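Residues per chain are reported as follows:
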Amino acid sequence: MTNHVRPLVVGNWKMNLDFVEAVHLGQQIGVILKNRPAEHTDVVIAPPFVDLRSVASIIASERMLIALGAQHVNAQENGAHTGEVSLSMLRRLNVDWVLVGHSERRTNYSMSDELVKLTLRTVATSGMKAVLCVGEESGVREEGRHLDFVAEQLRHAIEGLDEKSRSAVTVAYEPLWAIGSGTSATVEQIAEMTSHVKAILRSESMAESRVLYGGSVTADNATSIITDGGVDGFLVGGASLKAESFVAIVHACNGCYAGKR
Ligand code: PGA
């Protein structure tokens, strides 16, 4: 099956790589993509905050076709929020994308559904693009509540967003039990959730929004997931820390895009 939506691959570097290492990895990705362009696929890398400026410089100086993302942002514009970073600070660094509500923020840093909603609104109304992360814990799936759970997370986050802002939202389905586990969800599980999420998006005037999958995506499983899982790309953690595996995932998406065939 070919894909008719332009795919998107986002590399989430999480809390890895200091700025020297980040520049090195950024350069490696740039070189491989220059030699083997992936012209039908949008590529975003999301390094830690402290690496953003260095990676932005590399992207600009090497004229790489890669956009810069941040892993989180504070919903407030400025003020007494020790340790946090605002959207205007990110914009000055040429950041175009922000991950909103990654499960590690929700689970380990008490990011509530309400805060996810506020943060999504801050990003999406600013003209920047958001990757809204949703996904269930294993217990929720075992009880058979995963579809309702994800629908609730999604509907809550986009509630009250105007139509223009909705167009800035990409959804990433990331089941918590698959993240960093080395075992991705099955293609059938991904296909079921993707079509469920897409049906919700259609009913919310967001038919154009892309739906990504994340959770132990590798160069080896990317082709079957993009081909049969119905997704429009990936949010990649561990495999985005090696240039070869990250670019292989980008090429898997590129090869599946209908325009190329
Ligand atoms: P993983 O992480 O690819 O290492 O499973 C994905 C994510 O958390 O975004």
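Everything quoted here is computed from the prediction, not taken from an experiment.

### Description of the overall build of the protein chain
Working step 1: Across its full length, the protein chain holds eleven helices and eight strands.
Working step 2: At 17 Å, the protein chain has a C-alpha radius of gyration in line with the 18 Å of a compact globule built from 261 residues.
Working step 3: Across the 261 residues that make up the protein chain, the buried fraction comes to 55%.
Working step 4: Restricting the contact set of the protein chain to residue pairs at least 6 apart, pairs at least 24 apart contribute 74%.
Working step 5: Accessible area of the protein chain: about 12000 Å², with a carbon and sulfur share of 51%.
Working step 6: Here the protein chain carries 24 positive and 30 negative side-chain charges, and the mean point of each set is 7 Å from the other.

### Some points on the layout of surface pockets
Working step 1: Here the largest pocket defines a volume of roughly 420 Å³.
Working step 2: Lining the largest pocket are 14 residues, and of these Lys14, Met15, Gln71, Arg105 and Tyr109 sit closest to its centre.
Working step 3: A class-by-class count of the residues in the lining of the largest pocket yields seven nonpolar, four polar and three charged.
Working step 4: Estimates place the volume of the second largest pocket at around 290 Å³.
Working step 5: As for the second largest pocket, its lining consists of 18 residues, of which Leu33, Ala38, Met64, Leu65 and Ile66 are closest to the centre.
Working step 6: Counted by class, the lining of the second largest pocket contains eleven nonpolar, two polar and five charged residues.

Parameters at a glance
Residues numbered from 1 in each chain as written. Predicted model: local features only at pLDDT ≥ 70, side-chain atom pairs only at ≥ 80, totals over all residues. Heavy atoms only, no water. Helix = DSSP H or I, 4+ residues; strand = E, 2+ residues; numbered from the N terminus. Rg over C-alpha atoms; globule rule 2.2 N^0.38 Å. Buried < 20%, exposed > 50% of the residue type's maximum accessible area, 1.4 Å probe, protein only. Contact = heavy atoms within 4.5 Å. Areas by Shrake-Rupley, 256 points an atom, 1.4 Å probe, with all protein chains shown as cover. Lys, Arg positive; Asp, Glu negative; His and termini not counted. Charge placed at Lys NZ, Arg CZ, Asp CG, Glu CD. 1 Å grid on protein atoms, 1.4 Å probe; cavity = no way out; pocket = protein on both sides within 12 Å on 5 of 7 lines; lining within 4 Å. Points joined across faces, edges and corners; volume = space filled by probe spheres on them. Nonpolar A, V, L, I, M, F, W, Y, C, P; charged D, E, K, R; others polar.

By themselves these figures say nothing about function.
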